[in-house]
Amino acid sequence: MSKPGDQQLADMEVDPSAAAEEKPAVRFSINVLELMREAQMQHGLRQSDYTRYRRYCSARLRRLYKSLKFLHGRGKYTRRNITESTVTDVRYLHIVFYMAERAWSHAMEKKTAGTNAQQRIYMLGRFRKAVKWASLFSQLCSVKGDSRTSLEAEAYASYMKGALFFEQDKNIEVAMINFKNTRAVYEELGKYGSIENQLLCRQRIEEVEPMIDFCSHKLGGSSLQAHELLDTANDLLKAKMEAVLSETRSQQAASMTEFNWLGRRFPITNAKTRVSILKAQQLEKDLNGSATESIAADKKLGIFDKIFSAYHDARSCIRNDLASAGNAENIRDDLNGLDKAVSAVLGLRTIERNQLLVSIAKSKFTKHRDEKNERITKPEELVRLYDLLIQNTTDLIDLVSSGRNKNEEENSFIHEYELKGLAFRAERCFFLAKSYSSAGKRAEAYALFCHARTLTDSALQQLANSPDKALIQDLKSLCDNCRSNSCIEHATGIMEEESVPLKLSKGVSTMSLGDDKTKENKYLLDMLESYESAIGEPNTKGPCRIAQFPPPFQAVPCNPIVLDMAYNAIEFPSLENRMKKEKKGLLSRFWG
């Protein structure tokens, strides 16, 4: 007879097969972004070596196939597909991931190497293969992975799709949507987890944002300039941006038939010359635009370098045309005039770049040393920069005034830069006086400050009707600085001159007849117990008496001569018993 408790236990028993069916499936966890970043940075992409990374992906896939015994047969290749039922180990998901990475790295390898029409078709096929494997990876992770793995895999697949549409130059809106989805996922994931994971998400967002900006720029809704997009772009975006910008310049250059400079028009017949000049003019617009104040000084210098490169390319094209022009006088005159105009613009931009360097140096000249130990500009460096400006101004004036029949615009341009050259000479004289003042030469510094003030007054008188108000304001402040510094140098010189008799009497009172030579020959190492200075008086350039160099000669005892007297008296043992004896035959023994 069963008891009530036994009946309850029997009711609670569960069929083992039913329990196995109700057991939840194992969910795999992969940090996709960390796995991708670690593989890329350790195997070539730190140096943008896509070939090395592709080879690593192939080797990694071979190891995964072998460890899982998921081989495709011997001799005859038989593909074994990875499905949801196949994924019983997390390494199956790794296989799909590295397949996508291998296809993507192969496409980027072809992209960075430069492609023709046939290679571009192959490259797009590799991108499609990467999208296929990334989509399969996202699908498998949504079923077999946890929620975070599924979300990261979805972001990975969205990035691959955006890269494909981006490279095809079709459906730019779809590419931008995929990139925005990728950014949204990593923005959410970057709010949680460890500091390393948040940093990786932030880096991924920074990689995606320039591509979104470019898509928006392509659709006509971006406020970024072209050089700003290129500064923040990755390898794929830089190549795409350069291709688009060169195509746009070629289209715009088709309508550019002449170059205007100081009221003169010079025809441009060479397409390469038009493209180079148009590129330089677009960079000049970016440099002188409304947002130029927000551009850092280093970026401005980079833009100037690109402008110089573009104008040098234009000049080389013009020189090649001159070499092939022959004896056609009209063509040679036009090309010579165009070369002169481009050279003048190049000289003008060189002056602007050197003025930017002067403004950077002046900002550091007035600073004191801060916590970062930033190096302070010396007045000699500013003197050197103003020497360059004066030389550039002189060369530009000589170039523009070299023609016989000058128009009014050229004459006014020459007069303007003659006055700027006078202002540069006044600034140079001021900082030269500063260098003499720092060396303690008061009379020379006072004379130079007065001369700089004279040059400044002369420039101000000639610039009375000039529209350049900024230059006039700079010259007025320079005149005030010259006046105040000349007064300071005058007062400092008088004070130092009045202190000379006191120093002289103090020196005479400490003089003695017998100790002059010994005092002159004493060095710091010889008088460590006394508090006498070995550096010398301030504002003098006398050598420091720390130690005598080269040191004086000292008598050193010679080493004793050791003769080996026992060698001749030693009797060495015989070694004949150790020597190998030669075996002789019968005939040799008989004949000896």
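No experiment lies behind these values; they were computed from the predicted model shown.

Draft legend 1. View of helix α13 (residues 297–325). Between the first and last C-alpha of α13 there are 42 Å, a value that for 29 residues agrees with the 42 Å anticipated at 1.5 Å per step. Of the residues flanking the end of α13, it is G326, one or two places downstream, whose phi is positive at about 75 degrees.

Draft legend 2. Structural context of the packing of helix α17 (residues 442–462) against helix α18 (residues 469–509). Between α17 and α18, whose axes approach to 8 Å, the crossing angle comes to 160 degrees. Overall, the two elements α17 and α18 adopt an arrangement that is roughly antiparallel. For α17 against α18, the interelement crossing comes out left-handed. A class-by-class count of the residues in the contact of α17 with α18 yields 12 nonpolar, 6 polar and 7 charged.

Draft legend 3. Inspection of the confidence of the model for the chain at higher detail. In the predicted model, the chain carries a mean pLDDT of 80, and the fraction of residues at 70 or more is 81%. For the stretch residues 1–23, pLDDT sits under 50, and the model shows 0 contacts to residues farther than four places along the chain or on other chains. Confidence drops under a pLDDT of 50 for residues 515–519, and excluding neighbours within four residues, the segment shows 2 contacts in the predicted structure.

Draft legend 4. Inspection of helix α15 (residues 379–400) at higher detail. With 22 residues, α15 extends 32 Å from end C-alpha to end C-alpha; this agrees with the ideal 32 Å at 1.5 Å per step. Buried within α15 are the following residues: P379, L382, V383, L385, Y386, L389, I390, N392, T393, L396, I397 and V400. For α15, the elements touching its buried residues are α14 (329–365) and α16 (408–438).

Draft legend 5. Fine view of the packing of aromatic side chains. Applying the stated criterion across every chain yields a total of 20 aromatic pairs. Summarising the aromatic geometry, the rings of W261 and F413 are spaced 5.7 Å apart at their centres and angled 75 degrees between planes, so their arrangement reads as edge-to-face. Here W261 is found in strand β1 (residues 258–261), whereas its partner F413 is found in helix α16, with 152 residues between them in sequence. Plain terms: the ring middles of F430 and F431 are 5.2 Å apart, the flat faces sit at 85 degrees to each other, and that makes the pair edge-to-face. Neither residue differs from the other here; F430 and F431 are each classed as buried. Chaining the aromatic ring pairs together yields one cluster made of Y53, Y56, F97, Y98, F137 and Y156. Taking the ring centre of W133 as reference, the NZ or CZ of K132 above it sits at 5.4 Å.

Reading the values: rules and limits
Residues numbered from 1 in each chain as written. Predicted model: local features only at pLDDT ≥ 70, side-chain atom pairs only at ≥ 80, totals over all residues. Heavy atoms only, no water. Helix = DSSP H or I, 4+ residues; strand = E, 2+ residues; numbered from the N terminus. Expected span 1.5 Å × (residues − 1). Axes fitted to C-alpha atoms, helices over the stretch in contact; angles between N-to-C directions. Parallel < 35°, antiparallel > 145°, perpendicular 65-115°, else oblique. Left-handed = near helix turned anticlockwise from the far one by under 90°. Nonpolar A, V, L, I, M, F, W, Y, C, P; charged D, E, K, R; others polar. pLDDT = per-residue confidence, 0-100. Contact = heavy atoms within 4.5 Å. Buried < 20%, exposed > 50% of the residue type's maximum accessible area, 1.4 Å probe, protein only. Phe/Tyr/Trp six-rings, centres within 6.5 Å; stacked < 30°, edge-to-face > 60°. Lys NZ or Arg CZ within 6 Å of the ring centre and 35° of its normal.

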